[in-house]
Amino acid sequence: HLLVDEVHERGVETDFMLTFLKEVAAKRDYLRVVLMSATMDTECFLNYFSTTVEGTGEVLRPPMIKCTAFCHEVAEVYLEGMKRRLGCDGPAAARGPDE
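Computed from a predicted structure; not experimentally measured.

Chemist: What exactly am I supposed to notice about the packing of aromatic side chains here?
Modeler: The geometry of two aromatic rings is summed up by the distance between their centres and the angle between their planes. Scanning the entire structure with this criterion turns up one aromatic pair. The ring centre of Tyr 48 lies 4.3 Å from the NZ or CZ of Lys 22, which sits over that ring.

Chemist: Could you clarify how one ought to interpret helix α1 (residues 12-27) in this entry?
Modeler: An α-helical segment advances 3.6 residues per turn. Residues three or four places apart therefore align on the same side. Here α1 contains 16 residues, and its C-alpha end-to-end distance of 23 Å stays within 8% of the 22 Å for a straight helix at 1.5 Å per residue. Every buried residue of α1 is accounted for by Thr 14, Leu 18, Leu 21 and Val 24. Looking down the long axis of α1, one finds its buried residues gathered within 130 degrees of arc, a one-sided arrangement. Away from its buried face by more than 90 degrees, α1 exposes Val 12, Phe 16, Ala 26 and Lys 27. Tucked into the core, α1 has its buried residues touching β1 (2-4), β2 (33-35) and α2 (42-49).

Chemist: Can you help me understand the side chain of Ser 50 in this one?
Modeler: Mapped onto the fold, Ser 50 is located in the loop between α2 and β3 (51-52). Those residues in contact with Ser 50, other than ones at most four positions away along the chain, are Val 59, Leu 60, Arg 61 and Pro 62.

Chemist: In this structure, what is going on with the packing of α1 against α2? I would like to understand it.
Modeler: Each pair of packed helices gets described by two things: the angle between the helix axes and the distance between those axes. Viewed as axis vectors pointing N to C, α1 and α2 meet at an angle of 40 degrees, and their least axial separation amounts to 10 Å. Here α1 is positioned oblique relative to α2, judged by the angle of their axes. Between α1, through Leu 18, Thr 19 and Lys 22, and α2, the contact on the second element is made entirely by Phe 45, Tyr 48 and Phe 49. When the residues that make up the contact of α1 with α2 are grouped by side-chain class, the tally is four nonpolar, one polar and one charged.

Reading the values: the criteria
Residues numbered from 1 in each chain as written. Predicted model: local features only at pLDDT ≥ 70, side-chain atom pairs only at ≥ 80, totals over all residues. Heavy atoms only, no water. Phe/Tyr/Trp six-rings, centres within 6.5 Å; stacked < 30°, edge-to-face > 60°. Lys NZ or Arg CZ within 6 Å of the ring centre and 35° of its normal. Helix = DSSP H or I, 4+ residues; strand = E, 2+ residues; numbered from the N terminus. Expected span 1.5 Å × (residues − 1). Buried < 20%, exposed > 50% of the residue type's maximum accessible area, 1.4 Å probe, protein only. Arc of directions from axis to C-beta. Contact = heavy atoms within 4.5 Å. Axes fitted to C-alpha atoms, helices over the stretch in contact; angles between N-to-C directions. Parallel < 35°, antiparallel > 145°, perpendicular 65-115°, else oblique. Nonpolar A, V, L, I, M, F, W, Y, C, P; charged D, E, K, R; others polar.

Next comes the structure, spelled out in structure tokens:
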């Protein structure tokens, strides 16, 4: 198995690797390539890695697993606010290495 994460970050190196993987995967049926990304264009990659059966013209598409998720709420918190929340309003007292 070969896992490729953040595949949506396209570049020369990534495109070269995907081209190479497509050729290698065609010759080695035991090789499983897993492409992962939260924002990839799945149709683009499914079409690229699809193969056509000679003679019948049938198009074999690779399997796809979609993992649904949700975004957690994000709150901006600044250091001064955290100090107030923790009761550390004043400047930190200097301490020696043994304290």
